[in-house]
Amino acid sequence: MLDSPIQIGDVLRLKPLYHETGSYAIVIHVHRADSPGDYGWISFDYVVMTEAGIIHHISEAVVEEIISTLL
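Residues numbered from 1 in each chain as written. Predicted model: local features only at pLDDT ≥ 70, side-chain atom pairs only at ≥ 80, totals over all residues. Heavy atoms only, no water.

Visitor: How should I be thinking about the pattern of salt bridges in this particular structure?
Guide: Pairs may arise between side chains of opposite charge once their charged atoms sit close together. One pass over the structure, following the stated rule, counts 2 salt bridges. A salt bridge links Arg13 to Glu65, with the shortest nitrogen-to-oxygen separation between them at 2.0 Å. Of this pair, Arg13 sits in strand β1 (residues 11-14) while Glu65 sits in strand β5 (residues 63-68), placing them 52 residues apart in sequence. Classification of Arg13 as partly exposed rests on a relative accessible area of 30%. Residue class for Glu65 comes out partly exposed when judged on its relative accessible area of 34%. Salt-bridge contacts for Arg32 lead to Asp34; the nearest nitrogen and oxygen are separated by 3.2 Å. When its relative accessible area of 31% is taken as the criterion, Arg32 is described as partly exposed. The exposure class of Asp34 is partly exposed, given its relative accessible area of 43%. (Salt bridge = Lys/Arg side-chain N within 4 Å of Asp/Glu carboxyl O. Helix = DSSP H or I, 4+ residues; strand = E, 2+ residues; numbered from the N terminus. Buried < 20%, exposed > 50% of the residue type's maximum accessible area, 1.4 Å probe, protein only.)

Given below as structure tokens:
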């Protein structure tokens, strides 16, 4: 089973395009959606809290870098 490279507790640097809501964020929840079968797919989105205390749903495309992880 595939897992996301981003996990709960990871500290992320967000891409500059998204800095109006924060430069850094911590992952507080990972949503996984999948459709099994021959032509199945897996999708992830993330609930994060920025350094300003704002909670957002983001995709992996928003992440510039994973700064630190709990593992």
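Visitor: Teacher, can you tell me more about the side chain of Asp10 here?
Guide: Its location among the elements puts Asp10 in the segment before β1. Although buried, Asp10 forms no salt bridge, and the nearest oppositely charged side chain, Arg13, lies 14 Å from it. In this structure the side chain of Asp10 is engaged in a polar contact, spanning 2.8 Å, whose partner is the backbone nitrogen of Gln7. Excluding residues that lie within four positions of it along the chain, Asp10 makes contacts with Pro5, Ala25, Ile26, Val27, Ile66, Ser68, Thr69 and Leu70. (Lys, Arg positive; Asp, Glu negative; His and termini not counted. Polar contact = N/O pair within 3.5 Å; in protein donor to acceptor, adjacent residues only side chain to side chain. Contact = heavy atoms within 4.5 Å.)

Visitor: How do you make sense of the sheet that holds strand β3 (residues 41-50) when you look at a structure like this?
Guide: In spatial order, the strands read β4-β3-β2-β1-β5; together these 5 strands make up an open sheet with antiparallel pairing. A strand with exactly one partner marks an edge of an open sheet, and here the two such strands are β4 (55-58) and β5. Strand-to-strand twist of the sheet, defined as the mean angle between neighbouring strand axes without regard to direction, takes the value 40°. Relative to β4, β3 is paired through 4 bridges, and the arrangement is antiparallel. Residue pairing across strands places Tyr46 opposite Ile58, the latter belonging to β4. (Pairing = 2+ DSSP bridges. Axes fitted to C-alpha atoms, helices over the stretch in contact; angles between N-to-C directions.)

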